[in-house]
Amino acid sequence: EAGVAQSPRYKIIEKRQSVAFWCNPISGHATLYWYQQILGQGPKLLIQFQNNGVVDDSQLPKDRFSAERLKGVDSTLKIQPAKLEDSAVYLCASSLTGKYTGELFFGEGSRLTVL
Amino acid sequence: ILNVEQSPQSLHVQEGDSTNFTCSFPSSNFYALHWYRWETAKSPEALFVMTLNGDEKKKGRISATLNTKEGYSYLYIKGSQPEDSATYLCAFINNAGNMLTFGGGTRLMVKP
């Protein structure tokens, strides 16, 4: 079974530039999550999708971050314009349901460095 | 925002040592607790999902216990091996919310 795919693995940009990350979840998984993991901290949920609808985006900085999952399968997370404090690993995860009694399956992450 | 604490932040042990770490979470309205292992340059991998007070789970040399009344879970590794070197993350959700909150992780380094 193919795992969660993410790209790019690494990205270096200057502040005020834009960046986009892509995620393809495990086939059949209805729930998709984007997490931000800043060095030394635990992953923080940015947005959770159930199929193509947003379940929770309360911690997404909406002035600069956006995410979509148009067809209920793959997803894109965009940052525009980037700030220094956005340097982090962006993890995508998926699960069969959004009930949390089952595990999340994570991708390898996209490491962003903002200079 | 829920407070999930993990201790210690980092741990260095010798190969063959047994070790354990703690995850503390709010004791009210417990719903589920997850443990993940995150090796460098790999994806976080689920170890356990625990839902019942008193639950004990085991996978090879790794085991976990859960006390929902006092709000803690222990992760044990018996006879640590260099391949156990990773960051161990716990994550908690209560039945009042729909967001899994992660602790800061315990970074384990096992020296051969």
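Residues numbered from 1 in each chain as written. Chains lettered and ligands numbered in written order. Predicted model: local features only at pLDDT ≥ 70, side-chain atom pairs only at ≥ 80, totals over all residues. Heavy atoms only, no water.

**Notes on the overall build of chain B**
Assigned secondary structure in chain B consists of zero helices and 11 strands. When the helices and strands of chain B are read in sequence order from the N terminus, they spell out β-β-β-β-β-β-β-β-β-β-β. For 112 residues, the compact-globule formula gives about 13 Å, and the C-alpha radius of gyration of chain B, at 14 Å, lands near that figure. Oriented by its inertia axes, the alpha-carbon framework of chain B measures out at about 45 × 25 × 20 Å. For chain B, buried positions account for 48% of its 112 residues. Long-range pairs, those at least 24 residues apart, make up 54% of the contacts in chain B with a sequence separation of at least 6. Total accessible area on chain B is roughly 5,500 Å²; 45% of this is exposed by carbon and sulfur atoms. (Helix = DSSP H or I, 4+ residues; strand = E, 2+ residues; numbered from the N terminus. Rg over C-alpha atoms; globule rule 2.2 N^0.38 Å. Buried < 20%, exposed > 50% of the residue type's maximum accessible area, 1.4 Å probe, protein only. Contact = heavy atoms within 4.5 Å. Areas by Shrake-Rupley, 256 points an atom, 1.4 Å probe, with all protein chains shown as cover.)

**Observations regarding the interface of chain A and chain B**
If you look at the interface, chain A gives 24 residues, while chain B gives 21 residues. Roughly 1,700 Å² of surface becomes buried between chain A and chain B when both sides are summed, with 63% attributable to carbon and sulfur atoms. Together, P43(A), Y100(A) and F106(A) form the three largest contributors to the area buried by chain A at its contact with chain B, with a combined 32%. At the boundary of chain A and chain B, one finds zero salt bridges. Linking chain A with chain B are three residue pairs in polar contact (both at pLDDT 80 or more). For the side of chain A that touches chain B, the elements supplying multiple residues, two or more each, are β4 (31-37), β5 (44-50), β6 (53-56) and β9 (88-95) of chain A. (Buried area = accessible area lost by both parts, 1.4 Å probe. Salt bridge = Lys/Arg side-chain N within 4 Å of Asp/Glu carboxyl O. Polar contact = N/O pair within 3.5 Å; in protein donor to acceptor, adjacent residues only side chain to side chain.)

**Some points on the environment of A96(B)**
Among the structural elements, A96(B) can be located in the loop between β9 (86-94) and β10 (101-102). Each C-alpha atom of the pair A96(B) and Y31(B) lies 8.6 Å from the other, and the pair is 65 residues apart in sequence.

**Looking at the packing of aromatic side chains**
Given two aromatic rings, one states the distance between the centres and the angle between the planes to describe the pair. Enumeration according to the criterion identifies 15 aromatic pairs over all chains in this entry. Ring plane angle 45 degrees and centroid distance 6.0 Å describe the contact between Y33(A) and Y100(A), whose orientation is recorded as tilted. With Y33(A) in strand β4 and Y100(A) in the loop between β9 and β10 (105-106), this residue pair connects regions lying 67 residues apart in the sequence. Measuring from ring centre to ring centre gives 5.1 Å for F25(B) and F92(B), while their planes differ by 15 degrees; the resulting arrangement is stacked. Of this pair, F25(B) sits in the loop between β3 (19-24) and β4 (30-38) while F92(B) sits in strand β9, placing them 67 residues apart in sequence. (Phe/Tyr/Trp six-rings, centres within 6.5 Å; stacked < 30°, edge-to-face > 60°.)

**What to know about the nonpolar core**
Core analysis: the largest hydrophobic core is formed by 23 residues, its most contacted members being L33(B), W35(B), F48(B), L75(B), Y88(B) and L108(B). Secondary structure elements with two or more residues in this core: β2 (10-14), β3, β4, β5 (45-50), β7 (62-67), β8 (72-77), β9 and β11 (106-111) of chain B. Among the elements that make up this core, the one with the highest residue count is β9(B) (four residues). Of all hydrophobic cores here, the second largest spans 21 residues; its members include V4(A), C23(A), L32(A) and W34(A). (Core = buried A, V, L, I, M, F, W, Y, C linked by side-chain atoms within 4.5 Å.)

**Quick notes on the sheet that holds strand β7 (residues 65-68) of chain A**
All names here are of chain A. If you walk across this open sheet you meet the four strands as β1-β3-β8-β7, and the pairing is antiparallel. For this open sheet the edge positions go to β1 (5-7) and β7, each flanked by a neighbour on one side alone. Averaged over all adjacent pairs, the angle separating strand axes in this sheet is 15 degrees, with direction ignored. Pairing of β7 with strand β8 (residues 75-79) involves four bridges; the strand directions are antiparallel. Paired with F65 across the bridge in β8 is I79. (Pairing = 2+ DSSP bridges. Axes fitted to C-alpha atoms, helices over the stretch in contact; angles between N-to-C directions.)

**As for the environment of P26(B)**
All names here are of chain B. Summarising the element assignment, P26 is placed in the loop between β3 and β4. Counting along the chain gives 44 residues from P26 to E70, while the straight-line C-alpha distance between them is 8.2 Å. Dropping the residues within four chain positions of it, P26 is found in contact with L2, N3 and F92.

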